[in-house]
Amino acid sequence: RNVLMWFRTDLRLKDNHALHAASVRSKVGNRNLIALFIVSEKEWEQHDEAPIKIDFWMRNLAKLKESLDKLAIPLVIKRAETPESVTSIVEGVVKDMDISHVFWNAELMVDERRRDRRVKRALLALPNTVVEECDDQCVIPPKEIATKTGNPYSVFTPFRNTWSTMVETNPHFLELSDEPTANPDEAKKLYADIFASSAPNSHPHNLDAELMEELYPAGEETAHLRLKDFLAEKAKQYHETRDFPYENGCSSLSPYLSAGVLSTRQCIAAARAANNNKIMVGNDGLRTWIKELIWREFYRNILVHFPRVCMNKPFQPITEHIRWTADQRRFQMWSQGKTGYPIVDAGMRQLNTIGYMHNRVRMIVACFLVKDLFVNWQKGEKYFMNNLIDGDLASNNGGWQWCASTGTDAQPYFRIFNPVLQSQRFDPNGDYIRKWVPELKHLNEKQIHDPYHTLSAKDFAKLGYSKPIVDHADSKKKFQDEFKRIIAEH
Ligand code: FAD
């Protein structure tokens with residue numbers, strides 16, 4: 001009987017643990033390897049997946065099909081009308097295609113884990129069917145890393161230290177698995193109709209499709225090229241350039257990592273090799289970049305060990321008592337990039353235009369929404385998920401809770417970003433603002449960060465730009481007072 005690989009957010013052939021295991025299994029007894037992908041729009045909608053991200057998935061799915069076709073591995077694509085129907089779809093494929101072994105990579109989110117448990121139960125009830133769930137999402141599977149007392153880590157630095165030691169001393173964590181081997185040639189005839197069918201290669205969204213394809217071309221090959229170029233050109237200066245949004249000294253690999261077109265293992269293995277096989281020491285740029293990828297691992301561990309964070313709960317329960325504003329207008333102005341704070345507006349407009357925002361600016365806009373506008377961070381988290389091409393529950397939730405001072409290792413509540421100072425520091429010439437807020441493009445580098453206070457009332461009015469929605473000093477005090485209140489009362 002045949003072997004099935006169910007692809008989800010792991011749209012790649014290289015270093016895909018479940019795919020590799022499925023391929024090895026299919027060779028035992030000379031069986032065919034069959035691939036499955038389920039288009040589950042309702043489920044994605046419920047999880048706030050951005051249309052632009054689904055479009056990226058679809059474009060990568062089409063590329064994946066091309067690669068699988070070359071290996072005579074048929075990719076079956078099914079559509080689930082409801083999240084619940086996923087179980088019967090997998091069951092149907094297993095029966096129709098005479099499958100004995102089903103492989104997938106474990107997902108970490110609560111709903112996905114529940115879904116997989118349901119599917120697994122149904123499959124195990126079928127005669128002689130085996131299910132194998134592989135650990136692939138993290139370099140070190142979350143169940144294998146713990147503090148000396150056996151508890152999960154909730155602070156980043158000790159997590160990073162243990163993580164690095166484990167990886168340094170157990171090279172198998174960074175071993176990359178091989179691509180699958182091809183099916184026997186007769187598979188081409190046997191599954192001719194599947195090979196002849198085409199995969200969906202787009203999904204409706206409101207952004208400029210041509211620009212998105214140019215910024216984020218699909219496919220594993222592109223992802224690897226990007227990784228290679230980044231390591232050769234920008235990575236060594238990453239520690240110096242990463243915070244300047246106009247320079248963009250970052251890798252722009254997040255969409256590929258989120259869709260699983262590239263694995264964190266591949267990135268860390270390549271960066272480590274470029275850094276003389278070191279993780280914690282060596283070139284400052286490379287080790288800083290590796291550190292950011294360890295943040296990704298850390299937030300995945302938090303999700304697994306503290307699942308309340310993906311059920312609309314803050315990591316720090318006390319912060320549930322914060323009395324957020326009910327003023328809808330504030331959130332609207334923020335989301336449209338009309339707060340009157342240029343760096344915030346530039347970030348939001350970048351997000352609304354290309355589904356991406358630079359990390360430093362993500363921190364600034366998130367802190368601003370929560371601490372200046374006093375809007376519940378969960379509204380911002382949802383807006384990001386709904387609009388980011390790289391939306392990732394663990395990193396997004398971790399990032400928002402860090403900024404809101406509600407999370408693990410969070411920014412202390414009394415340290416509040418001043419959006420004007422952040423702007424002057426990280427966009428000194430104002431080039432990032434000029435790119436995304438064209439109303440301000442003629443202002444000089446002194447005026448551009450705070451036009452309302454640096455121009456005359458008449459000149460400001462001519463810009464057609466929003467007046468600051470709040471006063472930063474007042475807001476800062478209000479947020480700090482509210483935090484002090486909850487600490488005193490709870
Ligand atoms: P690089 O700087 O080149 O970093 C390489 C990779 O490391 C990234 O692709 C990413 O996978 C990982 N990484 C970098 N910084 C972080 C971080 N702080 N936390 C976790 N992983 C990190 N990242 C997402 O992938 N998806 C999200 O939905 C997301 N939401 C965020 C929300 C907020 C409020 C904040 C502050 C950060 C968020 N991040 C998120 C983290 C970070 O902003 C992005 O990963 C980064 O901007 C992606 O650009 P890059 O690939 O060029 O990153």
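Asks: How would you sum up the overall build of the chain? Please name residues and give values.
Replies: Within the chain one finds 24 helices and five strands. What you see for the chain is a C-alpha radius of gyration of 24 Å, in line with the 23 Å of a compact globule of 490 residues. Projecting the C-alpha coordinates of the chain onto the three principal axes gives extents of approximately 80 × 50 × 45 Å. Within the chain, the proportion of its 490 residues that are buried is 57%. Considering only residue pairs separated by 6 or more positions, the chain has 77% of its internal contacts joining residues 24 or more positions apart. Put simply, the chain shows about 21,300 Å² of open surface, and 50% of that area lies on carbon and sulfur atoms. Charged side chains of the chain number 66 positive and 64 negative; the gap between the two group centres comes to 3 Å.

Asks: Explain the site of the ligand to me, using residue names and the numbers behind them.
Replies: Surveying the vicinity of the ligand reveals 27 residues, the closest of which are Y238, S251, S252, Y356 and N359. Separating an oxygen atom of the ligand from a backbone N or O atom of S252 is a distance of 2.6 Å. Residue R362 places a side-chain N or O atom 3.4 Å away from an oxygen atom belonging to the ligand. Here the ligand loses 97% of its free accessible area of 820 Å² to cover by the protein chains. Listed by contribution, the elements that provide at least two residues to the shell around the ligand are α12 (254-258), α14 (284-305), α17 (359-372) and α19 (393-404). It is α14 that contributes the most residues to the shell around the ligand, six residues altogether. Looking at the shell around the ligand residue by residue, the classes come out as 14 nonpolar, eight polar and five charged.

Asks: Could you give me a rundown of the domain arrangement of the chain, with the residues and numbers involved?
Replies: Partitioning the chain into structural domains gives domain 1 (2-137), domain 2 (138-175 + 219-305) and domain 3 (317-489). For domain 1 versus domain 3, the separation of C-alpha centres amounts to 39 Å. Residue-level contacts link nine residues of domain 1 with eight residues of domain 3. Interface area, domain 1 with domain 3, both sides summed: about 710 Å², of which 57% is carbon and sulfur. Taken as a group, D48, I52 and K53 account for 60% of the area that domain 1 buries against domain 3, more than any other trio of residues on that side. At the surface where domain 1 touches domain 3, the tally comes to one salt bridge. For the side of domain 1 that touches domain 3, a count of residues per class yields five nonpolar, one polar and three charged.

Asks: Tell me about the environment of T406, and name the residues and values.
Replies: For T406, the location among the structural elements is in the loop between α19 and α20 (419-426). When the C-alpha atoms of T406 and P314 are compared, they prove to be 5.9 Å apart, with 92 residues separating the residues in sequence. Sequence-distant contacts of T406, defined by excluding residues within four places in its chain, comprise P314, F315, Q316, T319, W377 and Q401.

Asks: For the packing of helix α4 (residues 85-96) against helix α5 (residues 110-124), give the residues involved together with the corresponding values.
Replies: As a packed pair, α4 and α5 sit with axes 9 Å apart at the nearest point and diverge in direction by 40°. Viewed along their axes, α4 and α5 form a crossing whose handedness is right-handed. Residues V86, T87, V90, E91 and V94 of α4 form the contact with α5, whose participating residues are R115, R118, V119, A122 and L123. For the contact of α4 with α5, the class distribution of residues is six nonpolar, one polar and three charged.

Asks: Describe the sheet that holds strand β3 (residues 75-79), listing the residues and the values that go with them.
Replies: Across the sheet, which stays open at both edges, the five strands sit in the order β3-β2-β1-β4-β5 with parallel pairing between neighbours. Each edge of the open sheet is held by one strand with a lone partner, namely β3 and β5 (130-134). Pairwise comparison of adjacent strand axes, ignoring direction, gives a mean angle of 25° for this sheet. Sheet topology places strand β4 (residues 99-105) next to β5; five bridges connect them, and they run parallel. Residue pairing for β5: V102 is matched across the bridge by V131.

Asks: I'd like a rundown of the pattern of salt bridges, residues and numbers included.
Replies: Per the counting criterion, the structure on display carries 33 salt bridges. In this structure, E133 engages K120 in a salt bridge whose closest nitrogen and oxygen atoms are separated by 3.9 Å. Of this pair, E133 sits in strand β5 while K120 is found in helix α5, placing the two residues 13 residues apart along the sequence. Take E133: its relative accessible area is 38%, and that puts it in the partly exposed class.

Asks: Just give me the short version of the environment of M212, but keep the residues and values in it.
Replies: As for its placement among the helices and strands, M212 is situated in helix α9 (residues 209-215). In contact with M212, other than residues within four places in its own chain, are I52, R59, H205, L207, P217, T353, I354 and I389.

Asks: Talk me through helix α16 (residues 342-354); I want residue IDs and the actual numbers.
Replies: Owing to its 3.6 residues per turn, the α-helix aligns residues three or four sequence positions apart on the same side. Between its terminal C-alpha atoms α16 stretches 18 Å, which fits the 18 Å expected from 13 residues at 1.5 Å a residue. Among the 13 residues in α16, 11 count as buried, and that is most of the element. One or two steps after α16, the chain reaches G355, where phi turns positive at roughly 65°.

Asks: A description of the packing of aromatic side chains should follow, citing residues and the corresponding values.
Replies: The way to describe two aromatic rings as a pair is by their centre distance and the angle between their planes. The full count for this structure, using the stated rule, is 30 aromatic pairs. On the numbers, 5.3 Å between centres and 90° between planes, the contact of W6 with W104 is edge-to-face. Residue W6 is found in strand β1 (residues 2-7), and its partner W104 is found in strand β4; the two are separated by 98 residues along the sequence. Seen in terms of ring centroids, F460 and Y465 are 6.5 Å apart; in terms of plane orientation they differ by 70°. Their pairing is edge-to-face. Of the two residues, F460 and Y465, both sit in the buried class.

What counts and how
Residues numbered from 1 in each chain as written. Predicted model: local features only at pLDDT ≥ 70, side-chain atom pairs only at ≥ 80, totals over all residues. Heavy atoms only, no water. Helix = DSSP H or I, 4+ residues; strand = E, 2+ residues; numbered from the N terminus. Rg over C-alpha atoms; globule rule 2.2 N^0.38 Å. Buried < 20%, exposed > 50% of the residue type's maximum accessible area, 1.4 Å probe, protein only. Contact = heavy atoms within 4.5 Å. Areas by Shrake-Rupley, 256 points an atom, 1.4 Å probe, with all protein chains shown as cover. Lys, Arg positive; Asp, Glu negative; His and termini not counted. Charge placed at Lys NZ, Arg CZ, Asp CG, Glu CD. Near = heavy atom within 4 Å. Polar contact = N/O pair within 3.5 Å; in protein donor to acceptor, adjacent residues only side chain to side chain. Nonpolar A, V, L, I, M, F, W, Y, C, P; charged D, E, K, R; others polar. Domains from an automatic or database assignment. Buried area = accessible area lost by both parts, 1.4 Å probe. Salt bridge = Lys/Arg side-chain N within 4 Å of Asp/Glu carboxyl O. Axes fitted to C-alpha atoms, helices over the stretch in contact; angles between N-to-C directions. Left-handed = near helix turned anticlockwise from the far one by under 90°. Pairing = 2+ DSSP bridges. Expected span 1.5 Å × (residues − 1). Phe/Tyr/Trp six-rings, centres within 6.5 Å; stacked < 30°, edge-to-face > 60°.

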